[in-house]
Amino acid sequence: MARLSYLKALQRALADEMARDSSVCVLGEDIGVGVNNVTTGLLAKHGPLRVVDTPLSEQAFTSFATGAALAGQRPVIEFQIPSLLFLVFEQIANQAHKFSLMTGGQAKVPVTYFVPGSGSRSGWAGQHSDHPYGLFAHVGVKTVVPATPEDAYGLFLTAIRDDDPVVLFAPAGSLGVRGDVDLAALGPVPLGVGRVHREGTDVTVVAVGHLVQAALAVAEQLADQISVEVFDPRTLYPFDWDGLAASVAKTGRLVVIDDSNRMCGIAGEILATAAEQMRLTVPPKRVTRPDGAVLPFARELDLAVQPQQDQLLTAVQEVYKSSR
Amino acid sequence: MARLSYLKALQRALADEMARDSSVCVLGEDIGVGVNNVTTGLLAKHGPLRVVDTPLSEQAFTSFATGAALAGQRPVIEFQIPSLLFLVFEQIANQAHKFSLMTGGQAKVPVTYFVPGSGSRSGWAGQHSDHPYGLFAHVGVKTVVPATPEDAYGLFLTAIRDDDPVVLFAPAGSLGVRGDVDLAALGPVPLGVGRVHREGTDVTVVAVGHLVQAALAVAEQLADQISVEVFDPRTLYPFDWDGLAASVAKTGRLVVIDDSNRMCGIAGEILATAAEQMRLTVPPKRVTRPDGAVLPFARELDLAVQPQQDQLLTAVQEVYKSSR
Amino acid sequence: MSVGEGLYRTMRLIRRFEERAIELVHAGEIIGGIHPYIGQEAIAAGVCAALRDDDVITSTHRGHGHVLAKGADPVRMLAELTGRSTGLNGGRGGSMHAADFGKGIYGANGIVGAGGAIATGAAWAAVKEGSDRVAVSFFGDGAVNQGVLLETFNLAALWRLPVLFVCENNGYATTLTVAQAVAGSITARAEAFGIPAVSVDGADAAAVLNAARDAVARGRAGGGPSFIEATAYRFDAHHTWEHKARVRYRADEEVAAGRSRDPLDIQGVRLDADTRAGIDADVEALLAEAVAFALDSPRPDPAGALDHLYATGLRGRDGVGLLDTAVR
Amino acid sequence: MSVGEGLYRTMRLIRRFEERAIELVHAGEIIGGIHPYIGQEAIAAGVCAALRDDDVITSTHRGHGHVLAKGADPVRMLAELTGRSTGLNGGRGGSMHAADFGKGIYGANGIVGAGGAIATGAAWAAVKEGSDRVAVSFFGDGAVNQGVLLETFNLAALWRLPVLFVCENNGYATTLTVAQAVAGSITARAEAFGIPAVSVDGADAAAVLNAARDAVARGRAGGGPSFIEATAYRFDAHHTWEHKARVRYRADEEVAAGRSRDPLDIQGVRLDADTRAGIDADVEALLAEAVAFALDSPRPDPAGALDHLYATGLRGRDGVGLLDTAVR
Ligand SMILES: Cc1ncc(C[n+]2csc(CCOP(=O)(O)OP(=O)(O)O)c2C)c(N)n1
Ligand SMILES: Cc1ncc(C[n+]2csc(CCOP(=O)(O)OP(=O)(O)O)c2C)c(N)n1
Ligand SMILES: [Mg+2]
Ligand SMILES: [Mg+2]
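Summarised in this report is the structure supplied together with it. (Residues numbered from 1 in each chain as written. Chains lettered and ligands numbered in written order. Predicted model: local features only at pLDDT ≥ 70, side-chain atom pairs only at ≥ 80, totals over all residues. Heavy atoms only, no water.)

## As for the site of ligand 2
1) Next: Not every one of the 22 residues close to ligand 2 is listed here, only the nearest: Glu 58 of chain A together with His 61, Arg 62, Gly 110 and Asn 170 of chain D.
2) Next: Glu 58 of chain A is positioned with one of its side-chain polar atoms (N or O) 2.5 Å from a nitrogen atom of ligand 2.
3) Next: A distance of 3.5 Å separates an oxygen atom of ligand 2 from a polar atom in the side chain of His 238 of chain D.
4) Next: Its free accessible area being 580 Å², ligand 2 has 96% of it covered by the protein chains.
5) Next: Among the secondary structure elements, those contributing two or more residues to the shell around ligand 2 are helix 4 (84–87) of chain A together with strand 4 (172–173) of chain D. (Near = heavy atom within 4 Å. Polar contact = N/O pair within 3.5 Å; in protein donor to acceptor, adjacent residues only side chain to side chain. Areas by Shrake-Rupley, 256 points an atom, 1.4 Å probe, with all protein chains shown as cover. Helix = DSSP H or I, 4+ residues; strand = E, 2+ residues; numbered from the N terminus.)

As structure tokens, then:
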């Protein structure tokens, strides 16, 4: 077993996949120097035709990657800031995503978009702290938010190998997470398959990304009162509805914690689907950012807008106590 | 009483507001000639400093409007295609929306973005048929989808007068809707206040935009078996949760019909909030576009992807019959 | 067939295809309408005559001409426009998304300016693979105001990619004139990025072909991108909706003057009359076949409405919660 | 104070403000770090010296210099950087969003290239109102590859708006050199749209001021937009994270050469030594006050975290469903 950080796992996944498949290439800003520590060493190893340092032209290089993908390449794009995905939303949602259907299956667009450091990186303020994964889930672009080093490795690998566009968010709050992993056993993790990090029988807590750790902490804190099952969807779209249903069938109670805006977010989708299709014994709850949130700069304010562990704890207790 | 079409109501609202307030101006493509019949006659009346025919530079003119708004103007922008809102998503969600908070309340951005003819206009295919209102609701931009001529008039007026950015979707399926209205009584309709188009006691149907007409038809069809209340939120964000809660308190049953993608859409949000906060006696249902939908070109396919009236009818019947 | 005959044939095919398509729009057989290419045929014909089958093009909302000139089957193209399962895209794309990847046609595109970066990425892929393929992006005068296209000029020039940008200047973006929309000149925009740019008479297919040959040769030889501005007049409406909702933005005299320089005649007079008549007859027969085939073809099965949504075959949930019982 | 003294004072203020701010970053009092402007002070100082209070500017991620030069209070600016409720933005914006609308400062901006269109819209508003205000957009060499900015050049030129585009060419966009990023020249991009463009020594505040005066005069007189490329060297890191995570992309010799042309010295030698010392002392006192004020100021109340989210005062739902009981 080796100690592997989440960030190193991303780095390793990309390096392994580039070594394995010469159609894999990576584009982005400052990736030659590797300022985000994911592309470190790749330029020296693979040269500028596979590691493409781009000008600040996100829209052009995003559709450039689409064109390269249509021509048989498998580009990976690093974005430095989550809100840059707003800037290229047309290129992903309206171009890359739609090619396969609109061409009647003639074309595929195997591009991976990834953001190392999504969500709040305290002190980066309003335009650098978004968590827009719900937008991609809504339009139907495959959306991945790994929570552990081995999932970061495995899901990044799978994203790159997938024949459709995939967006991978690596939350800033996850990059430093470390785990003991068997390096030899690292491998692809399928999309659409969640993971139960801790079994429980009273309340199902669905946690997204870096909040998995918060959920595990809450489960531990409550261990002698409430048996909490921690479910990590890992991919938000496609979502592992069967896995969730199995958990809720056991517990009948559901709380979701998600670091994105409340309105029309992934937490809402999970509650909605559970309400429609699963047997909830009491009303579910979600702990999210507020409606329409913009993260303010000052630390206290920034934290006040993000969902917190103690809020989750309260929500779990309330759901456990409540009854119809 | 006069017969007024939805499209004419939009035209009238803009004309009235431009006549009333000289800081109101309108920007967009082909608005001088008025190809979408909303800006008809305005250029001749107000001249090129208030009616600005723009080159195909959506990103620039969207942030240009932000700058003008910061400087005291009240711009209205017409977009010819719903997916052009993808193209300017950064400019709206990351710039216009965030100015007020990020500047600590120094700035306001009273811009109205409107799309005359959102959703499917049969035969315009994958890139011209989106209904991306959920994206704006998620990021917290005020989002309006009027369903009737008087609401089109009143909500457009309110959107223009509002001090925050507002996106108004005028569904293609609504533009031809006509109603008998008292022209003298036309006036602003507040944001965040829904409207019960038909009262009922058994099932609450929430319908968005042009689907309000479908919901009314279903209510009529079922009138002798099921008493359907038709609730039109009118603004998706802010949403009239109190209004909805009052309806659901009566019926205990909820069905939502919404012409946008299922995953993380407005229908899901409504179900989620109801599940959390309202007393549902049976599981709710939604009728939407499928997950990740892209509208195919051929008529049969296009229709197969949009939510249909008969699907709503079945859903209402199922919810009415079902029990926990 | 000589090069000149080939150019004429392509143009004639496009012209008559468009005219038949317009009839089908009026007859309600093509829904959503089309953006007619009539008047601009020499551009598609000239440029595509300089290309190989394995070269790539990206096209626009006004795409029929490019798609046909690059070699797509007009029969399956018309089936696409009429929304049949035998269409190029199985009826999924229609006029604005017609594509034929087997012929390097990466599709018409509903978003102005969107094809440039896609073509440039394909050109880069060719370089990466060591191939001498080139890519061509067609776009209108309206597109030179789109940020993504301007960004793309920079990438193409910076990385010396084998891409040819073809700006079809027909004087209008819908109702907006070039003078109202373009500060400076169109070619100056390309030149600012160091891309060699020429302006040619887009009504003369031979002139277009010459310019395209130079550009393609430069691209294949590793000389980087090129830019051609081809001026032409759009004879018909921006879109067939204009046929009903007559919007006024071009003076009758202007339209008449524009139509007087017909690219088919300009090239047609270079052929002997019999040859020309023979080509015309061939095209007529082909299009009769195309129309018959299209109208006889089956309409797609609604059950497969979301077929191909994902290349991997992933199926999302439908819109009515049919899975409810299953999952519960 | 003479113009030359004013230029020097502004630069000295920026320089020392930045140095104090960097100390506060290292001390953990400024979170998130900053993008130091050191080395580029002459650009902000020179341009803003040509402006009136009611003129508008938009700034960048590297915005402290512009904000200070345009007249924001350094005391409240530092309070903003340290996240205090007394800050310019009440602690809501921080380094990358500092704004002072009372001084026409429409804000730093976290997105490269985003300010250009905003400034141009403000310039248009001035014209619409019949005012002779001008607007200035500052941006880096990286921004000339952003589509929205290139689109904006077109709008500004087309509509002859009183906007001045100031490109601060410091040779790098983070680690990418201009040669790796920019095909053609920077000024050619503006010229392609018909915008008069000049290149000036951005280390010489007087030279910058001269160019800016011309441009501003042209703008006020209805002569349309102008473009200034001001070259300078960024003395410090792209961002203070580099102080820890030392990334290598500039040779030591290059940095040393760059630093040898210090804009403060270039302007400083034009002053007599006493005057200069007097200004230095004033600035020192002011910054001591600023640091003390900032660190003494209250931190904002978390209960108001989403104050000002909507100008209308709209309150969305919070993130924990506190309304549950109320609504149910
Ligand atoms: C980005 C974008 N903006 C607006 C539209 C709507 N629209 C479709 S075609 C068109 C005019 C395009 O003009 P031009 O590029 O000159 O091509 P032409 O129609 O003349 O062939 C417009 C405004 C669009 N499809 N995409
Ligand atoms: C559109 C966009 N892309 C990328 C970034 C990340 N980023 C911030 S500053 C920067 C470099 C900017 O370079 P330049 O414009 O030359 O300004 P400088 O930093 O040199 O002052 C980058 C890539 C961003 N903020 N916005
Ligand atoms: Mg045109
Ligand atoms: Mg720079």
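So, next bit.
## Brief notes about the site of ligand 1
1) Next: The local shell around ligand 1 holds 22 residues, among which Glu 58 of chain B together with His 61, Arg 62, Gly 110 and Asn 170 of chain C are the closest.
2) Next: Surrounding ligand 1 are residues belonging to chains B and C, so the site spans chains.
3) Next: One of the side-chain nitrogen or oxygen atoms of Arg 62 of chain C is found 2.7 Å away from an oxygen atom of ligand 1.
4) Next: Interatomic distance of 2.8 Å between a backbone N/O atom of Tyr 172 of chain C and an oxygen atom of ligand 1.
5) Next: Broken down by secondary-structure element, the contributors of at least two residues to the shell around ligand 1 are helix 4 (84–87) of chain B together with strand 4 (172–173) of chain C.

## Concerning the environment of Thr 187 of chain C
All names here are of chain C.
1) Next: Along the polypeptide, Thr 187 turns up in helix 8 (residues 186–191).
2) Next: Judged by relative accessible area, Thr 187 falls into the buried class, the value being 14%.
3) Next: For the pair formed by Thr 187 and Val 134, sequence separation is 53 residues and the distance between their alpha carbons is 21 Å.
4) Next: Filtering out sequence-adjacent residues up to four positions away, Thr 187 remains in contact with Ala 197, Val 198, Ser 199, Phe 227 and Glu 229.
5) Next: Reaching out from Thr 187, the side chain makes a polar contact with the side chain of Ser 185 at a distance of 3.5 Å. (Buried < 20%, exposed > 50% of the residue type's maximum accessible area, 1.4 Å probe, protein only. Contact = heavy atoms within 4.5 Å.)

## Side note on the packing of helix 9 (residues 211–221) of chain A against helix 13 (residues 309–321) of chain A
Residue and element names in this part refer to chain A.
1) Next: Two elements in contact, helix 9 and helix 13, have axes whose closest approach is 9 Å; the angle formed by their N-to-C orientations is 50°. By the angle between their directions, the pair helix 9 and helix 13 is classed as oblique. Crossing geometry of helix 9 relative to helix 13 is assigned as right-handed. Each of Ala 214, Ala 215, Ala 217, Val 218 and Gln 221 in helix 9 lies in contact with helix 13, whose residues at this interface are Gln 309, Leu 312, Leu 313 and Val 316. (Axes fitted to C-alpha atoms, helices over the stretch in contact; angles between N-to-C directions. Parallel < 35°, antiparallel > 145°, perpendicular 65-115°, else oblique. Left-handed = near helix turned anticlockwise from the far one by under 90°.)

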